[in-house]
Amino acid sequence: MDVPCVRVPREDGEATRRRLADADLVADGFEITHEDGWLYIPVTDASAAPEDLDVVDRDAPERETQTTPADLLGFDPSYERLGRAAIIEEDEDDRAREIARAIVDSDLPVETVLEKASKIKGETRVRDWKLLEGDNTEVIHREYGSEFRLDLAEVYFSPRLATERRRVAEQVTAGERAVDMFAGVGPFVIPFARRGAECVGVDVNERAIAYLRENAERNDVADRVTAIAADVREVAGEYADWADRLVMNLPHSAGEFLETAVELAGDDCTLHYYDIQHEDDPFGPGERAIREAAEPAYEVTVENRRIVRSYAPHELNVCLDVRLRR
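Just so it is clear, the model here is predicted, and its values are computed rather than measured.

1. Here we look at the side chain of Glu90
Within the element layout of this structure, Glu90 appears in the loop between strand S6 (85-88) and helix H3 (93-105). Here Arg95 takes part through its side chain, which lies 2.8 Å from a polar atom of the side chain of Glu90.

Next comes the structure, spelled out in structure tokens:
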């Protein structure tokens, strides 16, 4: 079947493969092939490949020798990947440990297996974890060309929102001024800065801000990122009327910060407002709250209403892309 492949001269093949593997872009389910002095390395995402590499579509045979956790268990377990860690959620301890052992013993590039041990809690939105395999809860996660170091026990991070973060980042243009009001380790800030935006990331979690600063260095955008450990309401005055783009990814509570968002917004500002609401009216409450906070000072135009994912029975995680024009 045709898959995106990086095409390089054979003599550069191993160095390029290592480079792609470090970025977690090698499609392990397909064989690397060669023809006429060229090596073709299958990749998981053509758009995330480094710009200096040539990407072509090519027929690549599926790898038949890879051992999966399902091969070892006799059933297909449910898990999430985050860097070289796998995340599982099981009710029975023996079953959880069996799954963890199979994941590590498989051919997946996984060294750590964590089990969710509590719900997300507290102001910093962290949860408890049970370490089933590996040494610690710190991971390096790669996402559409960006790299993030984080400790799951100390910060909030969801790999499930990768597609949504990319959707928003692709709207950013060089020279924009952007504020992520609940920035975490930088999954919005870093891609924005890589596209040439000047970014401010604010979070009450000091550990998250420490990782954000490190991740800005790691992705070579430290000169375009200001990271602030604080409640955004306490520092908004320093950036009043400043932002061309605002991110409010704090479902359940974002509405409490809309007056601050209006304070931060410049004359023409795009707001990405995340909410969790009942499926009967998933967008109405957020839109009404934004209009109440911003009008009449701003003309409010809802440019996009998007269901991000199902959150719970009859509840949806949604995003409103809203343009505020003074």
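Past the structure itself, the notes keep going.
2. Thoughts on the pairing of strand S15 (residues 265-278)
The buried fraction of S15 is high, at 10 of 14 residues. Two elements, strand S14 (residues 243-248) and S15, share 5 bridges in a ladder whose sense is parallel. Each residue of the ladder has a partner; that of Arg245, found in S15, is Thr270. Running through helix H8 (residues 258-264), the crossover from S14 to the neighbouring parallel element S15 is right-handed. In this structure, S15 lies alongside strand S17 (residues 315-325), joined through 11 bridges in antiparallel fashion. Its bridge partner lying in S17, Leu271 is registered against Val322.

3. Brief notes about the sheet that holds strand S7 (residues 112-116)
Ordered by their spatial adjacency, 4 strands build an open sheet running S5-S6-S7-S8, and the pairing between neighbours is mixed. Among the strands making up the open sheet, the edge pair consists of strand S5 (80-82) and strand S8 (129-133). Averaged over neighbouring strand pairs, the angle between their axes works out to 30 degrees when direction is ignored. Sheet topology note: the S5/S6 ladder contains 3 bridges and is antiparallel. Along S6, the bridge assignment pairs Arg81 with Ala86. Running over the sheet, H3 touches S6, S7 and S8 and is turned about 50 degrees from S8.

4. Comments concerning helix H4 (residues 162-169)
Burial analysis of H4 places 6 of its 8 residues in the buried class, the great majority of the element. Every buried residue of H4 is listed here: Ala162, Glu164, Arg165, Arg167, Val168 and Ala169. Of the surrounding elements, those touching the buried residues of H4 are strand S9 (138-143), helix H5 (189-194), S15, strand S16 (299-312) and S17.

5. Focus on the environment of Ser310
Of note, Ser310 is situated in strand S16. Residue classification places Ser310 among the exposed positions, given a relative accessible area of 55%. When the C-alpha positions of Ser310 and Glu279 are compared, they lie 9.2 Å apart, and in sequence the two are 31 residues distant. When neighbours within four sequence positions are excluded, Ser310 is seen to be in contact with Glu315 and Leu316.

6. With respect to the sheet that holds strand S4 (residues 54-59)
A sheet is described by the order of its strands in space; here 4 strands give the open sequence S2-S3-S1-S4, paired in antiparallel fashion. The outermost strands of the open sheet, each flanked by one partner alone, are strand S2 (33-35) and S4. For this sheet, the mean inter-axis angle between neighbouring strands, taken without regard to orientation, is 40 degrees.

7. Thoughts on the environment of Val8
Among the structural elements, Val8 can be located in strand S1 (residues 2-9). The buried category is assigned to Val8, whose relative accessible area is 4%. In this structure, the C-alpha to C-alpha distance between Val8 and Tyr40, residues 32 residues apart in sequence, is 6.7 Å. Setting aside chain neighbours within four positions, we find Val8 in contact with Gly13, Thr16, Gly37, Trp38, Leu39, Ile41 and Leu53.

8. Notes on the pattern of salt bridges
Note that side chains of opposite charge can pair when their charged atoms are close. Enumeration over the complete set of coordinates arrives at 36 salt bridges. One network of salt bridges, with partners in common, ties together Glu138, Arg142, Glu147, Arg149, Glu214 and Arg218.

What counts and what doesn't
- Residues take numbers from 1 onward in each chain, read along the sequence in its written order.
- Only residues with pLDDT of at least 70 are given local features in this predicted model, and only at 80 or more are side-chain atom pairs given and counted; all residues enter the totals for whole chains, interfaces and linings.
- Just so you know, side-chain values use all the structure's heavy atoms and leave hydrogens and water out.
- Helix and strand assignments follow DSSP, with helices taken as H or I runs no shorter than four residues and strands as E runs no shorter than two, numbered in order from the N terminus.
- Nitrogen and oxygen atoms within 3.5 Å of one another constitute a polar contact, given that in protein one can donate a hydrogen and the other can accept it, and given that sequence-neighbouring residues count only through two side-chain atoms.
- Think of it in three bands: with a 1.4 Å probe and only protein chains considered, a residue is buried below 20% of the maximum accessible area for its type, exposed above 50%, and partly exposed in between.
- Whether two strands pair depends on DSSP finding at least two bridges between them.
- Crossover handedness is defined here as right-handed if the route from the first strand over the helix to the second strand goes clockwise, with the strands pointing away from the viewer.
- Lines fitted to C-alpha atoms define the axes, with helix axes restricted to the stretch in contact, and inter-axis angles between N-to-C directions lie between 0 and 180 degrees.
- By definition, residues are in contact when any of their heavy atoms lie within 4.5 Å.
- The salt bridge criterion pairs a side-chain nitrogen of Lys or Arg with a carboxyl oxygen of Asp or Glu, the two atoms within 4 Å.

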